[in-house]
Amino acid sequence: MYQRLLTLFTRSHSLLANPQTYIPNSTPSTIRKAYTSLLHTLAIQLGALPKNAFDMELPEMDLFYLEEIEQLRTGLASLSGSSGKEEEKLGQAWQALKTAAKGWGWDIGDLKSASVQPGDEPASDEVESEEEGEYAPQVVET
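Conventions used here
Residues numbered from 1 in each chain as written. Predicted model: local features only at pLDDT ≥ 70, side-chain atom pairs only at ≥ 80, totals over all residues. Heavy atoms only, no water. Helix = DSSP H or I, 4+ residues; strand = E, 2+ residues; numbered from the N terminus. Contact = heavy atoms within 4.5 Å. Polar contact = N/O pair within 3.5 Å; in protein donor to acceptor, adjacent residues only side chain to side chain. Phe/Tyr/Trp six-rings, centres within 6.5 Å; stacked < 30°, edge-to-face > 60°. Buried < 20%, exposed > 50% of the residue type's maximum accessible area, 1.4 Å probe, protein only. Salt bridge = Lys/Arg side-chain N within 4 Å of Asp/Glu carboxyl O.

**Student:** Any chance you could explain the environment of Glu86 here in plain terms?
**Tutor:** In this structure, Glu86 sits in helix 7 (residues 84-102). For the pair Glu86 and Thr36, spaced 50 residues apart in sequence, the C-alpha to C-alpha distance is 8.8 Å. Filtering out sequence-adjacent residues up to four positions away, Glu86 remains in contact with Ser29 and Arg32. Of the polar contacts made by the side chain of Glu86, one reaches the side chain of Ser29; its length is 2.4 Å.

**Student:** Explain the packing of aromatic side chains here, please?
**Tutor:** Each aromatic ring pair is characterised by the separation of its centres together with the angle its planes make. In this structure the tally under the stated criterion is 7 aromatic pairs. For the pair Phe54 and Tyr65, a centre-to-centre distance of 6.1 Å together with 70° between the ring planes defines the contact as edge-to-face. Linking Phe54 in helix 5 (residues 53-57) with Tyr65 in helix 6 (residues 61-77), this pair joins segments that are 11 residues apart in sequence. Per residue, the accessibility class of Phe54 equals that of Tyr65, and both read buried. Chaining the aromatic ring pairs together yields one cluster made of Tyr2, Phe54, Phe64, Tyr65, Trp104 and Trp106.

**Student:** Where do I start with the pattern of salt bridges in this structure?
**Tutor:** Should their charged atoms come close, side chains of opposite charge can pair. Counted under the stated rule, the structure contains 5 salt bridges. Ionic pairing is found between Glu67 and Arg11, a salt bridge with its closest N-O pair at 2.7 Å. Residue Glu67 is found in helix 6, and its partner Arg11 is found in the loop between helix 1 (2-10) and helix 2 (13-17); the two are separated by 56 residues along the sequence. For Asp110, the salt bridge is made with Lys98, and the minimal N-O distance between the two is 2.5 Å. Residue Asp110 is found in the loop between helix 7 and helix 8 (124-129), and its partner Lys98 is found in helix 7; the two are separated by 12 residues along the sequence. When its relative accessible area of 12% is taken as the criterion, Lys98 is described as buried. Members of the salt-bridge network, linked through shared partners, are Arg11, Glu67 and Glu68.

Here it is in structure tokens:
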């Protein structure tokens, strides 16, 4: 349930762009505040996990977190027209998440550097990495 809820928030780019379409009487400011709270919550959660959590207790959740954080970064970076104070609070929350992510050896980048447009194809090295390592296709002889 947690993964589905987090995925809903991180991949709802159209909600960020047009909140009134999905939530009547909402404003972009209200939605940005909700996402600022989400960033703070994620930072606290990542900071509270034990050092070996992704090795034993939550296998593969590190990959899930990284993918969803990247989706969130892309959605938040596409926002425009926020007031200085809202933008500052969102930036501070992202920095808190970035600091928590560094504790796991992750570099989640900056909000301003996520300039991927919807429909952009992933870089070829990203596609190739999906077919390497633990998830690589294998030939099985019977």
